[in-house]
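Chain and residue survey
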Amino acid sequence: MTVYNRERFLDQLAGQLGRDRRTSAERPAYSVQPQERVFQGADQDQLLEKLKEQCKIIHTNCLVTTADELGETLRHVWDEDHIQNIVSAGGPRLEAYGLSDIYETMRQDGYHVHVWDEQEGRKNVTTAEKAGAGIVFSDVTLAESGTVTLFNDRWNGRSISLLPETFVAVIPKSTLVPRMTQAARIIHEQEKKGVPVSSCVSFITGPSNSADIEMNLIVGVHGPVKATYIVVDDM
Amino acid sequence: MSIKIGTKTYADRIQEGIDNTFMRHAVSSAQGRFRTGRLKAAEELGDWEDWRTLGEEIRTHTMENLDYYLYQLSEQVEKRGGTVFFAETAEEANTYVQKVAEEKQARKVVKSKSMVTEEIGLNEALEKSGCEVVESDLGEWILQLDEDPPSHIVTPALHKNKSQIRETFVKKKGYTKTDDPEELAAFAREQLRQDFLEADIGVTGCNFAVAESGTVTLVTNEGNARMVSTLPDTQIAVMGMERIVPTWEELEVLVSLLTRAAVGQKLTSYITSLTGTRLENEVDGPEDFHLVIVDNGRSKILGTEFQSALHCIRCAACINVCPVYRHVGGHSYNSIYPGPIGAVLTPLLDGYEDHKELPYASSLCAACTEACPVKIPLHEHLIRHREIIVEKEQKTTKAERLAMTGFAQWASTPAAYKLSTKMAGTVLKPWTKDGSIKNGPGPMKAWTAARDFPAPAKKSFRTWFDEREKRREKDDRL
Ligand code: SF4
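Residues numbered from 1 in each chain as written. Chains lettered and ligands numbered in written order. Predicted model: local features only at pLDDT ≥ 70, side-chain atom pairs only at ≥ 80, totals over all residues. Heavy atoms only, no water.

Some thoughts on the interface of chain B and chain A
The following threshold applies: Throughout, a residue-residue contact means that at least one pair of heavy atoms, one from each residue, lies within 4.5 Å. Note on terms: buried area is the combined drop in 1.4 Å-probe accessible area of two parts once they are placed together, counting the loss on both. Salt bridges, as used here, are contacts in which a Lys or Arg side-chain nitrogen is within 4 Å of a carboxyl oxygen on Asp or Glu. We call two N or O atoms a polar contact when they sit within 3.5 Å, provided that within protein one can donate a hydrogen and the other can accept it, with sequence-adjacent residues counted only if both atoms are side-chain atoms.
In this assembly, 127 residues from chain B lie in contact with 103 residues from chain A. Between chain B and chain A lies a buried interface of about 9,500 Å² when both sides are counted; carbon and sulfur atoms form 56% of it. At the junction of chain B with chain A, the criterion picks out 12 salt bridges. A salt bridge links Glu75 of chain B to Arg6 of chain A; the nearest nitrogen and oxygen atoms lie 3.0 Å apart. On the surface where chain B and chain A come into contact, there are 58 residue pairs in polar contact (both at pLDDT 80 or more).

Examining the confidence of the model for chain B
In plain terms, the rule: The predictor attaches a confidence to each residue, called pLDDT, with possible values from 0 through 100.
Here chain B averages 79 in pLDDT, and 73% of its residues register 70 or above. Model confidence for the complex is summarised by a pTM of 0.85, with the ipTM given as 0.96.

Some thoughts on the pattern of salt bridges
Note that side chains of opposite charge can pair when their charged atoms are close. Selection criterion: Strands are runs of DSSP state E lasting at least two residues, helices are runs of H or I lasting at least four, and both sets are numbered from the N terminus onward.
The full count for this structure, using the stated rule, is 44 salt bridges over all chains. The closest approach of N and O atoms between Glu36 of chain A and Arg185 of chain A, which form a salt bridge, is 2.6 Å. A residue pair is termed long-range when its members are at least 10 positions apart, and Glu36 of chain A in the loop between helix 1 (6-16) and helix 2 (44-57) and Arg185 of chain A in helix 7 (residues 180-192) qualify at 149 residues. A single network of salt bridges, built from pairs that share partners, joins Arg6, Glu7, Asp11 and Arg21 of chain A together with Glu75 of chain B.

What about the site of the ligand?
The line we're drawing: Summary of the distance rule: residues count as near a molecule or strand when at least one heavy atom falls within 4 Å of that molecule or strand. We call Asp, Glu, Lys and Arg charged. Ala, Val, Leu, Ile, Met, Phe, Trp, Tyr, Cys and Pro are nonpolar, and the rest, Gly among them, are polar.
By nearness alone, every residue bordering the ligand is listed as Cys312, Ile313, Arg314, Cys315, Ala316, Ala317, Cys318, Ile341, Cys372, Pro373, Ile376 and Leu378 of chain B. Here the residues of the shell around the ligand sort into 11 nonpolar, no polar and 1 charged.

Topic: the sheet that holds strand 10 (residues 200-204) of chain A
For clarity, the cut-off: The rule for pairing is simple: two strands pair if DSSP sees at least two bridges between them. Interaxial angle, 0 to 180 degrees, is taken between N-to-C directions of lines fitted to C-alpha atoms, where a helix line uses only the stretch in contact.
Strands sit in the order 9(A)-6(A)-7(A)-10(A)-9(B)-6(B)-5(B)-8(B) across an open sheet of 8 strands; the sheet is mixed. The two strands at the open ends of the sheet, each matched to only one other strand, are strand 9 (176-177) of chain A together with strand 8 (244-245) of chain B. Taken together, the 5 bridges between strand 10 of chain A and strand 9 (residues 270-275) of chain B define a ladder with antiparallel strand orientation. Bridging across to strand 9 of chain B, Ser202 of chain A finds its partner in Thr272 of chain B. Its contacts with the sheet place helix 7 of chain A against strand 6 (140-142), strand 7 (147-152), strand 9 and strand 10 of chain A together with strand 9 of chain B, and it is angled at close to 150 degrees to strand 6 of chain A.

Describing the nonpolar core
It is characteristic of soluble globular proteins that their nonpolar side chains tend to be buried jointly. So the rule is basically this: For our purposes a nonpolar core is just a set of buried Ala, Val, Leu, Ile, Met, Phe, Trp, Tyr and Cys residues, chained together by side-chain atoms within 4.5 Å. Here's how the labels work: a residue is buried when its accessible area is under 20% of the maximum for its type, exposed when over 50%, partly exposed in between, all with a 1.4 Å probe on protein chains only.
Counting residues in each nonpolar core, the largest one holds 106 residues, and the members touching the most others are Leu70, Leu73, Met239, Ile244, Trp248, Leu291 and Ile293 of chain B. No other element matches the 10 residues that helix 12 (residues 248-263) of chain B contributes to this core. Apart from the residues lying within four places of it in its own chain, the contact partners of Leu73 of chain B are Ala209, Val210, Ala211, Gly214, Thr215, Met239, Ile244, Leu291 and Ile293 of chain B. Counting residues in each nonpolar core, the second largest holds 74 residues, with Trp78, Leu176 and Ile213 of chain A together with Tyr175 of chain B among its members.

In structure tokens:
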């Protein structure tokens, strides 16, 4: 936890810029703000429509369900791909959506459902590597791009949304916003208040892909091969 | 590798480029797809010119206050448990990374795609320290197995076809399946998964650092950068000193400009923002985080008439529209930064001596300047380079100069250009599923005006929204 060579380096920059070192900077009022106009004034239903539309482009299955039906929907998603091993993010949202009970029932039915548990340390990663599906909760959902924003933390390890072949995001409808602008603003406002940002913020848009071989789109490279969003009406 | 990728003369490289038919088709088809994707994305975004203006304003403000923002960044990274190393030269950067690797007794290093580590030759340095270095971006991995330099900054293995790739996999990794891209990628996934799990150190680049929070943001599609920053216990991020924004609000604007200009996606699959080390109670992510901030000649551009070259966000839009790049391919530029931005930047970073022909690798048609999402006046910079070269002792030989200008002139004739756009129109876009484009918005208007693109059938959100509202009002009245 050190900073090396800073003064020399920054002095050189200031010298090149022909002035003394600056110890503060005022962000300018930018002359245009096109980002604010995207889906301005749209309500949650309209944003959901945009999300569904975008999901078709990003190779992502988008399901809409209610809190009561969430268990059935999850089971359906797993069965479709014959998935037996599941790793899920934990924390307060598990209870809020009744998922603890749902997972318990599923365990009795023979599924292996592992809820991320910091006490188990690195073993969580090994479990995630072997799991067929990873379940996470979206913190902010960007309608325009079809993006799930995760503030990774002790309950939501980075591996859950990365290592299993199938990525499942539970999206509370209330988390929908027009675009990345609103998510960035939340983080910026928090920073200003002195609340530090998560060690990892993951903006995830569908499954992993590449166009590195002859510009063919290949879906599923290092990260998940399949992505499903489950929007839960919580409003 | 360093910024320069070989010792062949410029003329030889161009000849090789022109002789390589596959490469030329690949490049021109890629250019078409990239361009179509970018235009479609720009149109969907609406107000593309406003976005570009905003991008330019952000970059200008940041460069003018670069010393302050880098200071703030380093303070924040330190606060979040990271170590920051300011490196004036490539050697300083490499020596520092070697030192970390030695302290960790690292044997395996996995990397995600990073232009700046190519530029400083980090892989060679790490190998000298006895580390095995594995490039994990699919294109980079292919090139690494084949010991070939990249030819494009977004899709580095653009010049290779799938049967060449298959052959490489067979020879180097005992691959037994077909040249189907999906199968090739599945093989890479399986092979590299093990490397991610075993690696001691992950090395990433940095698309944008955020000064206010000490965050490093990576913009990717494959998921390898997430692997590299999730699994190894030590992460080293290497950034060019200009790759920084003041706050998250500027970050999101530049990310949007980058993904749309680079690949025509609204956002790529993964935008990953990493701040310091993992926190207590967190299980994955690095316990040790280092940020290396590299100058390597950049500061000499600050305060000069070329300062806006530092605004570049490495989207490759200028490369994708360049008629000269289309015909000679990436390797001809003899630099890891090809195309118009390469022709501007390489002489600035590495001196005119070895790159005196580069500013001539342009027809000055200005398509690059029009395409640039942060409005860098690329062709004007090229003209200035030429003037400087001429002023400074006539460095070019007449023959070379003629070859290049003559070629560039031909490549930019309307006939040559039409031919390539025609091809471009028939190929599918890799990332956007549907739709074709109408007359391009701002950036490409001059070029696309000549072509009839089918108009998009989809309503804009605004119209859709308005109509919906009207319907609602009517319903309410009933
Ligand atoms: S110069 Fe502009 S168009 Fe070219 S890569 Fe840089 S940002 Fe993109």
